[in-house]
Amino acid sequence: MIYFVAVLCVIGIAGGQILFKLSASALHKSGSIFDSQTLIILFSAFALYGVTTIAWVWVLQKIDLGKAYPLMAMAFILVPIGSHFIFGEKFSYQYFLGVALISVGIVVAVKA
């Protein structure tokens, strides 16, 4: 259960990063931080980060930081995948090699 919540935290952090990028795009489009769409997206990102942070503190009460923190590296995988589907960003083969290395590192670190 603890690791499930930890993974949800990582997904929340990744989602927050995508929302921050969406708010930056909305800001660029509108030219004003006070644009309603920009503010809605930005505050959604803040809310998601806030909830995720509270959940992360709960996770850290239950397991060692050294066991939980390697899971945060999954954000380095999830954010670019989300950016591919939402923003149409492209990746090279080196990216996929890096993802494979990060994935192996996560498994090794969590099982240590």
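Heads up: the structure comes first, above all this text.
Reference entry: report on the structure contained in this document. Please read all numbers here as calculations on a predicted model, not as lab measurements.

**Let's talk about helix H2 (residues 36-62)**
- Taking 1.5 Å per residue as the helical rise, H2 with its 27 residues ought to reach 39 Å, and the 39 Å between its terminal C-alpha atoms agrees with that figure.
- When H2 is considered as a whole, its buried residues turn out to be Thr38, Ile41, Leu42, Ala45, Thr52, Trp56 and Val59.
- Elements that come into contact with the buried residues of H2 comprise helix H1 (2-30) and helix H3 (65-68).
- Where H2 begins, the side chain of Asp35 points an oxygen toward the backbone nitrogen of Gln37, at a separation of 3.3 Å.

**Observations concerning the nonpolar core**
- Core analysis: the biggest nonpolar cluster contains 19 residues, and Val10, Trp56, Val59, Leu71 and Ile106 have the highest contact counts within it.
- Where this core is concerned, the elements lending two or more residues are H1, H2, helix H4 (75-87) and helix H5 (93-111).
- With 6 residues, the single largest contributor to this core is H1.

Analysis parameters
Residues numbered from 1 in each chain as written. Predicted model: local features only at pLDDT ≥ 70, side-chain atom pairs only at ≥ 80, totals over all residues. Heavy atoms only, no water. Helix = DSSP H or I, 4+ residues; strand = E, 2+ residues; numbered from the N terminus. Expected span 1.5 Å × (residues − 1). Buried < 20%, exposed > 50% of the residue type's maximum accessible area, 1.4 Å probe, protein only. Contact = heavy atoms within 4.5 Å. Polar contact = N/O pair within 3.5 Å; in protein donor to acceptor, adjacent residues only side chain to side chain. Core = buried A, V, L, I, M, F, W, Y, C linked by side-chain atoms within 4.5 Å.

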